[in-house]
Amino acid sequence: MDLLALADFNLVARHGGVGRAARESGRPKATLSRRVADLESGLNLRLFERGARVLKLTEEGRALYERTSALLADIEEAAAAIASGGEIPRGNLRVSAPLLFSQAAMGKLAARFAMRYPQIRLEVTTEDRAVDMVEEGYDLVIRVNPDPDARLIGRIFVRDRLVLVASPQLKPPAGKAVAPAVMRGGGFGATASSWEYTGTSGKKRISVEPVLSLASLFMVRDAVRAGVGVARLPISLVTQDLTAGKLVLWGDVDGPEIALWALYPSRRLLSARVSTFLEFLKESFPSGSPDELAAFVD
């Protein structure tokens with residue numbers, strides 16, 4: 001396969017047309033059109049649907065673009081590193097991170113990373129859904145307790161756990177009494193009527209009645225600070241409040257550990273940009289403890 005033709009195909013696909021690709025790259029339109037036509041002829045495939053004003057990828061063209069765009073970017077990065085005399089990380093780095101981690105730490109982390117590696121253009125988006133890395137063009141994703149995925153590999157860089165907390169004025173219910181509870185999202189339709197936790201005297205179960213449903217765990221924490229109810233929150237989010245006496249710990253919530261993973265596609269070579277970001281996360285969370293994450297929380 002002609003790599004030059006493949007690179008020109010990617011250029012046209014990325015910009016959505018020959019004219020725009022020619023303007024952005026300074027390449028002649030005729031050259032780009034010829035290279036794309038040569039690639040289609042060599043593959044015996046139609047890669048674009050050609051309308052009067054619109055150039056649209058066919059299904060085969062989209063598959064080729066998704067599978068080759070990242071590889072070509074890696075080749076360009078490797079060539080630039082060799083030309084500069086060293087493996088200097090550079091280029092675009094797209095990262096997807098969950099909402100709570102982004103609100104708690106990503107702003108500070110991103111600023112430190114950008115100042116240390118000015119030749120990497122870092123873009124972070126916040127998504128609690130499992131984004132498709134290839135389809136949506138991400139280099140790395142951060143996920144909480146991700147489901148197994150053969151297409152992705154990575155590592156845990158920080159761990160957390162859920163605890164039951166309340167304001168000092170709110171005491172654990174005795175007997176059959178019910179505790180007011182602050183919930184995260186979902187409304188009031190399918191909320192639990194009881195919670196289990198492990199306190200200083202062992203396992204306990206309390207009855208709860210939801211009084212608030214809030215979209216963000218930061219909102220839940222602030223409502224609990226105000227004394228409206230008890231809530232299950234990550235220990236990293238409330239460590240400072242527990243130390244300051246703004247909240248009190250009722251106990252640990254029974255359930256799986258919270259693990260934050262940094263993941264990247266298993267089919268790709270690990271680029272200098274991604275490996276640099278992974279090492280930066282490892283440096284920022286050397287032991288991966290909740291206390292290290294709590295240090296970022298305001």
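### Side note on the overall build of the protein chain
Scanning the protein chain from N- to C-terminus turns up 10 helices and 13 strands. In terms of overall dimensions, the protein chain is more spread out than a globule: its C-alpha atoms have a radius of gyration of 25 Å, far above the 19 Å expected for 298 residues. Structurally, the protein chain occupies a C-alpha span of about 80 × 45 × 30 Å along its principal axes. Across the 298 residues that make up the protein chain, the buried fraction comes to 43%. Across the protein chain, contacts joining residues at least 24 apart in sequence account for 74% of those joining residues at least 6 apart. Accessible surface for the protein chain amounts to roughly 16,100 Å². Of this, 53% is attributable to carbon and sulfur atoms. One way to put it: in the protein chain the 39 positive side-chain charges average out to a point 3 Å from where the 35 negative ones average out.

### Quick notes on the packing of helix 5 (residues 99–116) against helix 9 (residues 272–284)
One way to put it is that helix 5 packs onto helix 9 with a least axis distance of 11 Å and a crossing angle of 125°. Judged by the angle between their axes, helix 5 and helix 9 are oblique. Crossing of helix 5 over helix 9 shows right-handed handedness. Between helix 5 and helix 9, the residues in contact are Met106, Leu109, Arg112, Phe113 and Arg116 and Thr276, Phe277, Phe280, Leu281, Glu283 and Ser284, respectively.

### Overview of the nonpolar core
Counting residues in hydrophobic clusters, the biggest one holds 25 residues, and the most contacted among them are Phe101, Leu109, Leu140, Ile142, Phe157, Phe277 and Phe285. If sequence neighbours within four positions are ignored, Ile142 has contacts with Val95, Ser96, Ala97, Pro98, Phe101, Met106, Phe157, Leu260 and Trp261.

### Some details on the sheet that holds strand 3 (residues 91–97)
An order of 4-3-5-13-6 is seen for the 5 strands of this open sheet, with the pairing classed as mixed. A strand with exactly one partner marks an edge of an open sheet, and here the two such strands are strand 4 (120–126) and strand 6 (152–160). Pairwise comparison of adjacent strand axes, ignoring direction, gives a mean angle of 20° for this sheet. Pairing of strand 3 with strand 4, which is carried by 7 bridges, proceeds in the parallel orientation.

### Concerning the sheet that holds strand 12 (residues 248–253)
Taken in spatial order, the 6 strands make up an open sheet running 8-10-9-12-7-11, and their pairing is mixed. Both edges of this open sheet fall to strand 8 (178–184) and strand 11 (231–234), since each of them pairs with a single strand only. Neighbour-to-neighbour, the strand axes of this sheet turn through a mean angle of 55°, independent of strand direction. Bridge count between strand 9 (residues 194–199) and strand 10 (residues 202–214): 6 bridges; the pairing is antiparallel. Paired with Gly199 across the two strands is Gly202, which belongs to strand 10.

### Quick look at the pattern of salt bridges
For the structure shown, the criterion picks out 17 salt bridges. One salt bridge in this structure joins Glu123 and Arg94, with 3.2 Å as the shortest N-O distance. Pair noted here: Glu123 is in strand 4 and Arg94 is in strand 3, with a separation of 29 residues, a long-range link. The partner of Glu279 in a salt bridge is Arg155, with the nearest N and O atoms 3.7 Å apart. Of this pair, Glu279 sits in helix 9 while Arg155 sits in strand 6, and the two are 124 residues apart along the sequence. Arg155 gets classed as partly exposed once you look at its relative accessible area, which sits at 32%.

### Remarks on helix 3 (residues 29–43)
Taking 1.5 Å per residue as the helical rise, helix 3 with its 15 residues ought to reach 21 Å, and the 21 Å between its terminal C-alpha atoms agrees with that figure. Along helix 3, the residues classified as buried are Thr31, Leu32, Val36, Leu39 and Glu40.

### A few points about helix 5
The end-to-end C-alpha distance of helix 5, which contains 18 residues, comes to 24 Å, matching closely the 26 Å that a straight helix rising 1.5 Å per residue would cover. Of all the bends in helix 5, the largest measures some 60° and sits at Ala105. Buried within helix 5 are the following residues: Phe101, Ser102, Ala104, Ala105, Met106, Leu109, Ala110 and Phe113.

### A look at the packing of helix 1 (residues 3–15) against helix 2 (residues 18–25)
Their axes nearest at 8 Å, the elements helix 1 and helix 2 cross at an angle of 105°. By the angle between their axes, helix 1 is roughly perpendicular relative to helix 2. Contact with helix 1, carried on its side by Leu11, Val12 and His15, involves Val18, Arg20, Ala21, Glu24 and Ser25 of helix 2 and no other residues of that element. The residue inventory of the contact of helix 1 with helix 2, partitioned by class, reads 4 nonpolar, 2 polar and 2 charged.

Quick notes on the rules
- Residues numbered from 1 in each chain as written.
- Predicted model: local features only at pLDDT ≥ 70, side-chain atom pairs only at ≥ 80, totals over all residues.
- Heavy atoms only, no water.
- Helix = DSSP H or I, 4+ residues; strand = E, 2+ residues; numbered from the N terminus.
- Rg over C-alpha atoms; globule rule 2.2 N^0.38 Å.
- Buried < 20%, exposed > 50% of the residue type's maximum accessible area, 1.4 Å probe, protein only.
- Contact = heavy atoms within 4.5 Å.
- Areas by Shrake-Rupley, 256 points an atom, 1.4 Å probe, with all protein chains shown as cover.
- Lys, Arg positive; Asp, Glu negative; His and termini not counted.
- Charge placed at Lys NZ, Arg CZ, Asp CG, Glu CD.
- Axes fitted to C-alpha atoms, helices over the stretch in contact; angles between N-to-C directions.
- Parallel < 35°, antiparallel > 145°, perpendicular 65-115°, else oblique.
- Left-handed = near helix turned anticlockwise from the far one by under 90°.
- Core = buried A, V, L, I, M, F, W, Y, C linked by side-chain atoms within 4.5 Å.
- Pairing = 2+ DSSP bridges.
- Salt bridge = Lys/Arg side-chain N within 4 Å of Asp/Glu carboxyl O.
- Expected span 1.5 Å × (residues − 1).
- Bend = angle between axes of the 7 residues up to and from the residue.
- Nonpolar A, V, L, I, M, F, W, Y, C, P; charged D, E, K, R; others polar.

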